[in-house]
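Here's the letter readout for the chains.
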Amino acid sequence: MGKVFFDSGISLDGYLAGDNPGPKNPLGDHGPTIHNWMYQQKAFWQHLNMEGGKEDSADGEVIRSTIARTGAYVMGKRMFDEGEANWPEDLFKADVFVLTHEKRQPWAQKGSTTFYFINDGIESALQKAKVSAKGKDIRLQGGANMIQQYLNAGLVDEFVIHVAPVIIGSGIRLFDHIDRNQFTTEIMETSMSPLVTHIRYKLRNKD
């Protein structure tokens, strides 16, 4: 059975996105600077089926390994709304289960990405994603509120944080509203480059 994980970039002061995020301002004010390390990598642009990137370094291998391990995605509605207007066709190349109160038929894109809109909670979305993933891992794609719900429910096995050496100052924090009595964390692996520090954590739920 695959693991449930999230893989998120944050600023040095703990923000996942800046103020005023939305379809016309993806990741909010100053939020894209968190991901400067990705934009330098050819692997990032190859996944978008676009030309770009100046490097093909160990940071690029981090991107490739994350894509390769993922068999399905779970996503919050706010992130979907922000991305729907901006993402290229078939970005995820797997099924994406969107948590929402909106009733909507599945959206099958050209290629292998289909968005399913789930109205009956986080556990239902996760179970559907596990079936779709066929033994591969399930990535909790975000945003912060959705990840927090899964953490507080004890449904996350591990996570990777990419800490960028930038200060956003305000916005949306990844680890707000967390029940600190729900789990403990253990560092499994670290690596770094001038633009980012990658830290992989294992979670252990408390009895």
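This text follows the structure it describes.
Residues numbered from 1 in each chain as written. Predicted model: local features only at pLDDT ≥ 70, side-chain atom pairs only at ≥ 80, totals over all residues. Heavy atoms only, no water.

Student: Looking at this model, I keep getting lost on the pairing of strand E6 (residues 114-118). Mind explaining?
Tutor: A regular strand places its side chains on the two faces of the sheet in alternate fashion. The buried count for E6 comes to four of five residues, which makes it a mostly enclosed element. Here strand E4 (residues 95-99) runs beside E6; their pairing, made up of five bridges, is parallel. If you follow Leu-99 over to E6, its bridge partner there is Ile-118. Sheet topology note: the strand E5 (residues 107-108)/E6 ladder contains two bridges and is antiparallel. Bridging across to E6, Trp-107 finds its partner in Phe-115. What sits between the antiparallel neighbours E5 and E6 is a turn of five residues, in which Gly-111 has the positive phi angle 105 degrees. (Buried < 20%, exposed > 50% of the residue type's maximum accessible area, 1.4 Å probe, protein only. Helix = DSSP H or I, 4+ residues; strand = E, 2+ residues; numbered from the N terminus. Pairing = 2+ DSSP bridges.)

Student: Any chance you could explain the packing of aromatic side chains here in plain terms?
Tutor: Aromatic ring pairs: the centre-centre distance and the angle between the two ring planes describe each pair. The final tally for this structure, using the stated rule, is 14 aromatic pairs. A ring pair is formed by Phe-44 and Trp-45, whose centres lie 5.0 Å apart and whose planes are at 85 degrees; its orientation type is edge-to-face. Classification of Phe-44 as buried rests on a relative accessible area of 17%. When its relative accessible area of 21% is taken as the criterion, Trp-45 is described as partly exposed. A ring pair is formed by Trp-107 and Phe-115, whose centres lie 5.2 Å apart and whose planes are at 20 degrees; its orientation type is stacked. Trp-107 sits in the partly exposed class, given a relative accessible area of 25%. Residue classification places Phe-115 among the buried residues on the basis of a relative accessible area of 1%. Taken together, the aromatic side chains of Tyr-73, Phe-80, Trp-87, Phe-92, Trp-107, Phe-115 and Phe-117 make up a single cluster linked through ring pairs. It is Arg-69 that lies over the ring of Phe-5; its NZ or CZ is 3.8 Å from the centre. (Phe/Tyr/Trp six-rings, centres within 6.5 Å; stacked < 30°, edge-to-face > 60°. Lys NZ or Arg CZ within 6 Å of the ring centre and 35° of its normal.)

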